[in-house]
Amino acid sequence: MTVHDNTPDIVDRTYRVGGAATTITTTLRGLRGQSRRLATTALAVMLGVAFTAGTLVLTDTLRESFDGMHVDAHAGVDLAVRAPASFGDGPDAVRDRVDAELTAAVAAVDGVAAAAGRTSGWAQLSGPDGTLLGDIASGVDPIGENWIGDERLDPWRIVDGSPPASANEVVIDRAAATTLAVAVGDPVDVLALGGRHAMTISGIATFGDNDDRFGTVTVMFDEATAQHLLGERGRHDVVVVALEEPAAADVVADDIRRSVGAAHEVVTGATLVDEARAVHLQDWGFFDTVMKGFAVIALVVGGFIIFNTFSITVAQRTREFAMLRAIGAGRGQVLGSVLTESMAVGVLASLVGLGGGVGVSAGLRSLFTVFGLELPDGGVVVRQGSLVTAFAVGVAITALSALVPALRAARTAPIAAMRESAIETSTPGGSAGSRTRIATGSAVTLAGAGAMASGLAGAGDDPIVLVGLGGLAVFGGVAALGPVLARPFGRLVGGPIASIRGVPGQLARDNATRSPKRTASTAAALMIGVGLVGFITILAASIKASIDEMVTAGVSADIVVESGSFGFGGLDRSLVTELRSLPEVAAVSGSTLASAEIDGEVSEIIGIDSADYGRLIDLGSTEGSLAGPDGTGLGLDRMAVNADTAAERGWSVGSDVPVTLADGAVRTLTIGAVVEDPYIGVPPMVDTALLESAGLRPFDIQVFVAAADGVDRDTVLAAVASVAERLPNAAVYDRAAFAEDRAGLVDPLLGVVYALLAFAVLIATLGIANTLALSIMERTREIGVLRAIGATRAQVRAAVRWESVMIAGFGTALGLVIGAGFGWAVVRALETEGITRLVVPTVPLAIVVAIAVATGVGAAVLPARRAARLDVLEALRS
Amino acid sequence: MPPRPLTPPAACVRSAVKRYGTGDTAVTALDDVTVWFPAGSFTAIMGPSGSGKSTLMHVAAGLDGLTAGEVFIGVDELGAMSDNELTRLRRDRLGFVFQAFNLVPTLSAYENITLPIRLAGRRIDTAWVDELVGMVGLTDRVEHRPSELSGGQQQRVAVARALASRPEIVFADEPTGNLDSRTGSEILAFMRRAVREMHQTIVMVTHDPVAASHADHVLFLADGRIVDQIDDPDPERVLDRMKQFGA
């Protein structure tokens, strides 16, 4: 069973020591002999590499499918003619629409094969039973477009029926038709400008060969209807052009410029693709960072396990190394032997891990789906560079983790061959080694905390990276302090366990504190997972509490109608008008997002119904007036800002500020009000009427309603609901429910983060199982004695189980302390971002502890079984 | 063979056959052995390597099963017992002393001595344990860990542990094998005293004629069979008998 004390093998191996080749021979023989103890190391490397490769493959795949999506979305478009940017640059530019007559002018230019106006916007399909297709929160955009029907300009093809021939006909994509179970000729409702429209399906289309356009839902109207329901009558977003000779694009572009005048911008299809791609990358950069962060976590946790396994096996092989040294092996050869062994494990396991990476990427994808985040479909893309990266990282982590144990092996004195090998050694407290450890561990922890603090304060080029590295350093420092803390912890927790569980409990406690280093580095892997879970739990609870507080304090409206649109589409403006006419209602304001260039700076602004807004949102004390002296609001020539913005930009009530909206016209707006804004953090506010006057056709994201005097909440709620009923995308909440809904926005992301961290905890569990298995191998004889003198199998199992629980408990305790520290620090740092509450949620954290302890029980299952099943006689002979 | 006792023997092995492996590679470790271990006596089992002496002890102590035959501790036959029953039997009714590494390294000497009693969840008879500790001369070292004790002291702890639960039989497997002769004879003296003063039954496997001479009876095994017995042995007679195996 053990191979080490197999004397002929050792002798055989010692003869072979000499050159590099023979070192490798001994290494490989060593590997074969230890296959079982290296199995979990290999598994840890494998999982780490699989996770790294999986995240890289997933991000590659997503990038590729996004790229493909943007290329396909503009397939056939050689040139595009559009309005110049009103403000903003490149992909962020905001521009006006173009007149529909432009299409004919462009089409008339020599070399143009086809030209068509394109209009797109928000349009959401609603099935017969009110089912809404598309969900922006999940990344499934509901898009409306005009049907172009020219295969030179876009890939949409009718597979059934015909193009829309009237204002009440639509073509929908085949995926949507399948989901709604509708066919050509069936009625369908479409939400767009003007509210809900009853339409008839005239045709069903595919996007090239695909049933839908990369996971979005598309509904297509005839040109005039599209302009009316999505944009502006008589105008297009852009005119797209297919050329007779695509190679002549530059020449034809110049001709078009000459023909349509300098007021238009002519760009290539490739530019459209690049701009769309750039917008996407902005959105997905965060996703990329998060995924890579988790890959790093998985590798670090795996690194602890690798380090631990090699540390233990090197200690167990002390005599063997000493024997090699005694008969003349140099330190370099012993070092080389252990390092080669680790490299071999690293290489093999990383190779297997790469294979698993593809599976992991699929798993991650479905994980996002489970939590309601749709990723675009597309074939798996495996880039060579990603594979090389994941492989190299896996091998490097393995080699690095094995370095310290290998150096220890190389230091083995030949005389150790003659001694009883002291396997589970420990440094008693107060010794020099321990003092160095305390000093180093504390220094690293503090340095990490410092780095985090300065990162959180926004120092450096990349504060997030600084925070991440600081966090890792804190984990590393605490892990270094672990051995010093393990004994006190063991005494603290072990006492009760020993008194409850009797002899097995006492054995568990003593075994867990027998080698504080081993216990600590095993626990460290779990500490990282638990620390991050604890941190996220505290952060999420704090964010939710802060949102809840912000909404509760900042919203004085009785009722909120929420569209769930996040700015793309929403509630038709007619809702505000209708609600205002209700006798139960005293004040109504919508709220919509837009952007503007204000005095040279591009800024987000909100459009509100300013006459009522101040009665619906608590903006604190106000200089000037939002409603204006006559109560009609800000009108078309005034804006309101909060005190912070006013102070920053040097504005006060009465200041005149130049503002550019999407139409490109520069308006001079007077600051009509400066609000204290203690709760919400509002961007500059204008009246929605101003946005409409600039050609924008806004939707309200939310509509706030105050009840008339003497009308109770339920009455007004019912009144609002009956009006909002015609808009299937409207959700009507009272204030408390709205606060809850807003706080709930954190949940899907939280779910994904927990699931990813569960992976780190899983790797840590393997580490505990591995350490226990190795320890049990060392204690075979001891277990034999226990069994011989009357310990039952159940008692042996219990001892292993409780040892495992203690290790897990130690990791959990350290993790929770660190997690609480991180939570506190990050929440404090986010105070200016509106995270004003620090909440330490006891029930979720208690669940974390319960799960972590259960992890300990789970990790012990196999080692405990092996310990209990040891043949007593064989164990006694070992 | 000892005379058939008038009182029931502490343990009895009847027609025991123990074979390892199958077919051509089968080894017969015990070949139809029948033996009694009288209560209150000290029996030594001797024999050359491979004679089956350790196997005999292991099957008698319920550490190993038989291919054929029966083993009794008191009146209870071990063959039908489950692992848990055998474990309880060893814990409650037997004591063990091994050659070395007898003790659990994380427990103090006192905890090691009382371990079987605590594993059984029984109350510790402190007066009795103190008496044993005094007898083996460890009164001022009971709080030490095994690593802080000499080999001889460790073995005395092991003997005290074997006696602590007042077992029906103590099985000792080469208890002096790892000790120098002076320390070894101390251990044997304790065992001898336990038999004489406490009527303890002890069965000891040894290859050392001097050790065997402390026993009441010496059984000789060769090739899995009992081939001889010496009562009231002295070292020379045991040595002479052993020499015949070499011839």
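Residues numbered from 1 in each chain as written. Chains lettered and ligands numbered in written order. Predicted model: local features only at pLDDT ≥ 70, side-chain atom pairs only at ≥ 80, totals over all residues. Heavy atoms only, no water.

Novice: So what about the overall build of chain B? Which residues, and what values?
Specialist: Helix and strand counts for chain B stand at 8 helices and 10 strands. The globule rule puts the C-alpha radius of gyration for 247 residues at 18 Å, and the 18 Å found for chain B is close to it. In terms of overall dimensions, chain B has C-alpha extents of about 50 × 40 × 40 Å along its principal axes. In chain B, which comprises 247 residues, the share counted as buried stands at 54%. Look at the contacts in chain B between residues 6 or more apart in sequence, and 68% of them connect residues 24 or more apart. Total accessible area computed for chain B in this model is approximately 10,400 Å², and 48% of it derives from carbon and sulfur atoms. (Helix = DSSP H or I, 4+ residues; strand = E, 2+ residues; numbered from the N terminus. Rg over C-alpha atoms; globule rule 2.2 N^0.38 Å. Buried < 20%, exposed > 50% of the residue type's maximum accessible area, 1.4 Å probe, protein only. Contact = heavy atoms within 4.5 Å. Areas by Shrake-Rupley, 256 points an atom, 1.4 Å probe, with all protein chains shown as cover.)

Novice: Before we move on, could you go through the sheet that holds strand S16 (residues 265-268) of chain A and cite the residues and values that matter?
Specialist: Residue and element names in this part refer to chain A. In spatial order, the strands read S5-S15-S1-S16; together these 4 strands make up an open sheet with antiparallel pairing. Unpaired on one side and paired on the other, strand S5 (112-118) and S16 mark the two borders of the sheet. Recorded for the sheet is a direction-independent mean angle of 25 degrees between the axes of neighbouring strands. Packed on one face of the sheet, helix H7 (residues 249-260) meets strand S1 (79-82), S5, strand S15 (238-243) and S16 and runs near 20 degrees to S1. (Pairing = 2+ DSSP bridges. Axes fitted to C-alpha atoms, helices over the stretch in contact; angles between N-to-C directions.)

Novice: Lay out the interface of chain B and chain A in plain terms, naming residues and giving numbers.
Specialist: In this complex, chain B contributes 23 residues to the contact, which on the side of chain A involves 23 residues. Carbon and sulfur atoms make up 62% of the area that chain B and chain A hide from each other, which totals about 2,200 Å². The three residues of chain B that bury the most area against chain A are B:Phe101, B:Thr106 and B:Leu119, which together make up 25% of that side's buried surface. Linking chain B with chain A are 2 salt bridges. The salt bridge partner of A:Arg793 is B:Asp83, with a shortest N-O separation of 3.5 Å. Taken together, the connections running from chain B to chain A amount to 8 residue pairs in polar contact (both at pLDDT 80 or more). Of all the secondary structure elements, the ones that give two or more residues to the side of chain B that touches chain A are helix H2 (83-93) and helix H3 (109-119) of chain B. Here the residues of the side of chain B that touches chain A are counted per class, giving 11 nonpolar, 5 polar and 7 charged. (Buried area = accessible area lost by both parts, 1.4 Å probe. Salt bridge = Lys/Arg side-chain N within 4 Å of Asp/Glu carboxyl O. Polar contact = N/O pair within 3.5 Å; in protein donor to acceptor, adjacent residues only side chain to side chain. Nonpolar A, V, L, I, M, F, W, Y, C, P; charged D, E, K, R; others polar.)

Novice: Can you tell me about the nonpolar core, naming the residues and giving the values?
Specialist: Ranked by size, the top nonpolar core spans 154 residues in total, and within it A:Phe51, A:Met527, A:Tyr613, A:Leu626, A:Met685 and B:Phe171 carry the most contacts. Not counting residues within four places of it along the chain, the set of residues in contact with A:Met527 comprises A:Phe475, A:Val478, A:Ala479, A:Gly811, A:Leu814, A:Gly815 and A:Ile818. With 43 residues, the next largest nonpolar core counts B:Met46, B:Ala109, B:Ile230 and B:Met242 among its residues. (Core = buried A, V, L, I, M, F, W, Y, C linked by side-chain atoms within 4.5 Å.)

Novice: With reference to specific residues and values, describe the pattern of salt bridges.
Specialist: All names here are of chain A. This model, assessed by the stated rule, comprises 52 salt bridges over all chains. Note that Arg196 is salt-bridged to Asp189, the shortest N-O span being 3.7 Å. For the salt bridge of Arg713 with Asp734, the shortest nitrogen-to-oxygen distance reads 3.0 Å. One end of the pair, Arg713, is in helix H19 (residues 713-724); the other, Asp734, is in strand S26 (residues 731-734), and 21 residues separate them in sequence. Residues joined in a network through salt bridges with shared partners are Asp96, Arg97, Asp99, Glu232, Arg235 and Asp237.

Novice: Could you give an account of a nonpolar patch on the surface, with specific residues and numbers?
Specialist: All names here are of chain A. Side chains of Val358, Val380 and Val382 sit close together on the surface and give an oily, nonpolar patch of about 210 Å² of accessible area. Along the chain, the position of Val382 falls in the loop between helix H10 (331-370) and helix H11 (384-410). A relative accessible area of 41% means that Val382 is categorised as partly exposed. (Patch = residues over 30% accessible without salt bridge, like charges linked within 9 Å, V, L, I, M, F, W, Y side chains within 5 Å.)

Novice: Tell me what's going on with a positive patch on the surface, and back it up with residues and numbers.
Specialist: Taken together, the side chains of A:Arg331, A:Arg408, A:Arg411 and A:Lys517 define a basic patch exposed on the protein surface. The topology assignment puts A:Lys517 in helix H14 (residues 516-554). (Lys, Arg positive; Asp, Glu negative; His and termini not counted. Charge placed at Lys NZ, Arg CZ, Asp CG, Glu CD.)

Novice: Before we move on, could you go through the pairing of strand S11 (residues 187-192) of chain A and cite the residues and values that matter?
Specialist: Residues and elements named next belong to chain A. Where burial is concerned, most of S11 is hidden: 5 out of the 6 residues are buried. Pairing of strand S7 (residues 124-126) with S11 involves 3 bridges; the strand directions are antiparallel. For Leu125, the partnering residue across the bridge sits in S11 and is Val190. Sheet topology note: the S11/strand S12 (residues 195-207) ladder contains 6 bridges and is antiparallel. Paired with Pro187 across the two strands is Thr200, which belongs to S12.

Novice: Got a sec to walk through the sheet that holds strand S9 (residues 217-222) of chain B? Specific residues and values, please.
Specialist: Paired through their backbone hydrogen bonds, the strands of a sheet run either parallel or antiparallel. Residues and elements named next belong to chain B. As summarised here, the arrangement of the 6 strands in space is S6-S7-S8-S3-S9-S10, forming an open sheet in which the pairing is mixed. Two strands close off the open sheet at either side, each with one partner strand: strand S6 (94-97) and strand S10 (225-231). Neighbour-to-neighbour, the strand axes of the sheet open up by a mean angle of 20 degrees, direction not taken into account. One ladder, built from 4 bridges, connects strand S3 (residues 42-46) with S9; its direction is parallel. Bridge pairing in S9 places Ile45 opposite Leu219.

Novice: Describe in detail unusual backbone geometry, supporting the description with residues and values.
Specialist: Residue and element names in this part refer to chain B. Although it is not a glycine, His199 sits at a positive phi angle of roughly 55 degrees. Checked against the element boundaries, His199 lands in the loop between helix H6 (181-198) and strand S8 (201-205). By relative accessible area, which is 60% here, His199 ends up exposed. Residue Asp232 is not a glycine yet carries a positive backbone phi of 45 degrees. Structurally, Asp232 is set in the loop between S10 and helix H8 (235-246).

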